[in-house]
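Below, each chain spelled out in residue letters.
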Amino acid sequence: MNTANIRFDEKGLIPAVVQDASTGEVLTVAYMNEESFKKSAETGETWFYSRSRQELWHKGETSGNTQKIVDMTLDCDGDSLVVRVKPAGPACHTGARSCFNEKVYESDDKAVGTQILSVLESLIAARDEERPEGAYTTYLFEEGVDKILKKVGEESAEVIIAAKNRDKEELKWETADLLYHTLVLLREQKLPLADVMGVLEERHNRPK
């Protein structure tokens, strides 16, 4: 662990941009001092420095919403960090997955990223916990794993048919249905999407 290249500011702090390692979503921005940086590296979980309380704090110590560190990367000037994590729960004190929720500008040229999968996963989890009456996701969970598996099978077949027919419009919709039902299945099996994304990342990073 080398802190020689880190340029802490005049107050001994460095901003840390915390990012979901699986989706790339920015979860929060906090500050570290040298001690919290070292504790983060030693424990493998995020520790920050509270400027208001002027003390170290361990993310998730009371809430259980810890952040397991995948890696920490210093920028070219040495004065800010990107901390990629596997979150065990919401990053925001409001209970939201990310602290960045208020959109203040949006271009007409929107790019859809993998973040929507995490948003959908959170929504499915909420449906599972709350079971609102009349919701399709509630219906699937109440019917159980056999029904969910049947839907995954049906949607897989629909994807195959659309692809065989070279129907891109139909393929787009059927693939979306398959992804949704797969996320429901993962929730029923208590397997986080991050674990699946981690497998893909591991495969990607294997020596060629």
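Within each chain, residue numbers correspond to sequence positions counted from 1 in written order. Totals for whole chains, interfaces and linings use all residues, but because this is a predicted model, local features are given only for residues with pLDDT of at least 70 and pairs of side-chain atoms are given and counted only at 80 or more. Remark: hydrogens and water are excluded; side-chain values derive from all non-hydrogen atoms of the structure.

Novice: What am I meant to see in the confidence of the model for the chain here?
Specialist: Close reading of the predicted structure is inappropriate where its pLDDT is low. A score from 0 to 100, pLDDT tells how confident the predictor is in each residue. When pLDDT is averaged along the chain, the result is 90, and 96% of the positions lie at 70 or above. The weakest mean pLDDT in the chain belongs to helix H2 (residues 115–130) at 85; the strongest belongs to helix H4 (residues 145–164) at 97. Helix and strand definitions here come from DSSP, where helices need a minimum of 4 consecutive H or I residues and strands a minimum of 2 consecutive E residues; each element is numbered from the N-terminal end.

Novice: Is there a simple way to think about the packing of helix H3 (residues 136–143) against helix H5 (residues 168–188) in this case?
Specialist: In this analysis an axis means a line fitted to C-alpha atoms, helices contributing only their contacting stretch, and an angle means the value between N-to-C directions, from 0 to 180 degrees. Between H3 and H5, the least distance of the axes is 11 Å, while the angle of their chain directions is 45 degrees. As far as their axial angle goes, H5 and H3 are oblique. Crossing geometry of H3 relative to H5 is assigned as right-handed. Of the residues in H5, those in contact with Tyr136, Thr137, Leu140 and Phe141 of H3 are Tyr180, His181, Val184, Arg187 and Glu188. Put simply, Ala, Val, Leu, Ile, Met, Phe, Trp, Tyr, Cys and Pro go in the nonpolar bin, Asp, Glu, Lys and Arg in the charged bin, and everything else, Gly too, in the polar bin. In terms of residue class, the contact of H3 with H5 is built from five nonpolar, two polar and two charged. Note that the term roughly parallel is reserved for angles under 35 degrees, roughly antiparallel for angles over 145, roughly perpendicular for angles of 65 to 115, and oblique for everything else. Left-handed describes a crossing in which the near helix is turned anticlockwise from the far one by less than a right angle; the clockwise case is right-handed. Working rule for contacts: check all heavy atoms of both residues, and any pair within 4.5 Å makes them a contact.

Novice: How do you make sense of the environment of Leu200 when you look at a structure like this?
Specialist: Positionally, Leu200 belongs in helix H6 (residues 193–205). Judged by its relative accessible area of 49%, Leu200 is partly exposed. Taking C-alpha positions, Leu200 is 12 Å from Thr23, a pair spaced 177 residues apart along the chain. Think of it in three bands: with a 1.4 Å probe and only protein chains considered, a residue is buried below 20% of the maximum accessible area for its type, exposed above 50%, and partly exposed in between.

Novice: What is the right way to look at H5 in this model?
Specialist: An α-helical segment advances 3.6 residues per turn. Residues three or four places apart therefore align on the same side. Expected span, for any helix, means 1.5 Å times one less than how many residues it has. Given a rise of 1.5 Å per residue, 21 residues ought to cover 30 Å, and the 30 Å separating the end C-alpha atoms of H5 matches this to within 8%. Glu174, Leu178, Tyr180, His181, Leu183, Val184, Leu185 and Leu186 are the residues of H5 that are buried. Buried residues along H5 sit against H2, H3, H4 and H6.

Novice: Would you take a moment to explain the packing of H4 against H5 for this structure?
Specialist: If you want to describe how two helices pack, look at the angle between their axes and the distance between the axes. Contact pair H4 / H5: the axes reach a minimum separation of 9 Å and the direction vectors enclose 155 degrees. Classified by the interaxial angle, the pair formed by H4 and H5 is roughly antiparallel. In terms of crossing hand, the pair formed by H4 and H5 is left-handed. Contacts between H4 and H5 involve Val145, Ile148, Leu149, Lys151, Val152, Glu155, Ser156, Glu158, Val159, Ala162 and Ala163 on the former and, on the latter, Glu170, Leu171, Glu174, Thr175, Asp177, Leu178, His181, Thr182, Val184, Leu185 and Glu188.

Novice: Please explain the packing of aromatic side chains as it appears in this structure.
Specialist: Aromatic ring pairs are defined here through the distance separating the ring centres and the angle between the ring planes. Two rings from Phe, Tyr or Trp (for Trp, the six-membered ring) form a pair when their centres sit within 6.5 Å of each other. Planes less than 30 degrees apart are called stacked, planes more than 60 degrees apart edge-to-face, and all others tilted. A full pass over the atoms with the stated rule returns three aromatic pairs. When the ring of Phe48 is compared with that of Trp57, the centres are 5.2 Å apart and the planes differ by 45 degrees; the resulting orientation is tilted. In this structure Trp57 comes out as partly exposed when scored by relative accessible area, which is 28%. Members of the aromatic cluster, joined through ring pairs, are Tyr136, Tyr139 and Tyr180.

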